[in-house]
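Examining the three-dimensional arrangement
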Amino acid sequence: MAIKADVQLDAKGLACPMPIVKTKKAMSNLADGQILEVQATDKGSLADLKAWSESVGHQYIGTVDENDVLLHYIRKSSNEEIEVKTFEQTISNEEIIDRASNGGMILDVREEAEYAFGHIEGSKSIPLGELEDRLNELDKDQEILVICRTGTRSDLAAQKLAEKGFAKVVNVLPGMSSWNGDLSKKI
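Because the structure is a prediction, the values reported are computed rather than measured.

1. Quick look at the pattern of salt bridges
- Enumeration according to the criterion identifies 14 salt bridges in this entry.
- Residue Arg 99 is joined to Glu 143 by a salt bridge in which the shortest nitrogen-to-oxygen separation is 2.5 Å. With Arg 99 in helix H3 (residues 93-101) and Glu 143 in the loop between strand S7 (124-125) and strand S8 (144-147), the pair connects residues that are 44 residues apart, well separated along the chain.
- Between Glu 132 and Lys 164 there is a salt bridge, and its shortest N-O distance comes to 3.0 Å. On the criterion of sequence distance, the pair formed by Glu 132 in the loop between S7 and S8 and Lys 164 in the loop between helix H5 (152-163) and strand S9 (169-173) is long-range, its members being 32 residues apart.
- A residue is classified by how much of its surface remains accessible, and Glu 132, at 40% relative accessible area, is partly exposed.

See below:
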């Protein structure tokens, strides 16, 4: 059964945050209740688009995998301007090592493949799409330094952690795409 969408958006070949950026622009042109089909090849888009949709009030309907192309379906919530919430507590890439050495835990929310090709030594990998199911692996009393590639997924993860009662959470900006420190490839 094919799912009917009012508008299709080609985001194939794009990596985070571009599928979200393009989706946001496309959603602004839809009428209330219309459905957008986002075609993406980035596996991270599974968690990214769902979390983004929920954070701004759109209805994330689901995803279909067709020959390695992910078809995401999102229903626009309203024509009113939606205010995008961003996580207020942030630190820079330069501050992360110092904060980690003082007891903070670096939480990398990129996909497993991204993590495998280079991450900060000692960081913990929990992809954004698995975060809710793996909250028990985190200590609510420890500072959690959330990082991703560009700051988009880590922002969504930080919001989710705060909603779940984690009080010591910071988003690391601009993320691994601008990381100048050493990288580990040990899994």
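Here the narrative resumes, following the displayed structure.
2. Points about the environment of Thr 150
- Its place among the elements puts Thr 150 in the loop between S8 and H5.
- Apart from residues no more than four positions distant in its own chain, Thr 150 is found in contact with Cys 16, Pro 17, Leu 173, Pro 174 and Ser 177.
- Within the structure, Thr 150 has its side chain in polar contact with the side chain of Thr 152 (distance 3.5 Å).

3. Considerations on the pairing of strand S4 (residues 69-75)
- Taking burial as the measure, the 7 residues of S4 include 6 buried ones, the bulk of the element.
- Both strand S2 (residues 35-40) and S4 contribute to a ladder of 6 bridges, which runs antiparallel. Residue pairing in the sheet places Ala 40 in a bridge with Leu 70 of S4.
- In this structure, strand S3 (residues 59-66) lies alongside S4, joined through 7 bridges in antiparallel fashion. Within the sheet, the bridge partner assigned to Asp 65 lies in S4 and is Leu 70.
- Turn length for the S3-S4 hairpin, with the two strands adjacent in sequence and antiparallel, is 2 residues, and the turn residue Asn 67 shows positive phi of about 50°.

4. So, the packing of helix H1 (residues 18-28) against helix H2 (residues 45-56)
- The N-to-C vectors of H1 and H2 enclose an angle of 40°; their axes lie 10 Å apart at closest approach. Judged on the interaxial angle alone, H2 and H1 are oblique. H2 is crossed by H1, and the crossing has right-handed handedness. Counted together, Pro 19, Ile 20, Thr 23, Lys 24 and Met 27 of H1 and Asp 48, Leu 49 and Trp 52 of H2 form the full contact between these two elements.
- In the contact of H1 with H2, the residues fall into 5 nonpolar, 1 polar and 2 charged.

How each quantity is defined
- Residues numbered from 1 in each chain as written.
- Predicted model: local features only at pLDDT ≥ 70, side-chain atom pairs only at ≥ 80, totals over all residues.
- Heavy atoms only, no water.
- Salt bridge = Lys/Arg side-chain N within 4 Å of Asp/Glu carboxyl O.
- Helix = DSSP H or I, 4+ residues; strand = E, 2+ residues; numbered from the N terminus.
- Buried < 20%, exposed > 50% of the residue type's maximum accessible area, 1.4 Å probe, protein only.
- Contact = heavy atoms within 4.5 Å.
- Polar contact = N/O pair within 3.5 Å; in protein donor to acceptor, adjacent residues only side chain to side chain.
- Pairing = 2+ DSSP bridges.
- Axes fitted to C-alpha atoms, helices over the stretch in contact; angles between N-to-C directions.
- Parallel < 35°, antiparallel > 145°, perpendicular 65-115°, else oblique.
- Left-handed = near helix turned anticlockwise from the far one by under 90°.
- Nonpolar A, V, L, I, M, F, W, Y, C, P; charged D, E, K, R; others polar.

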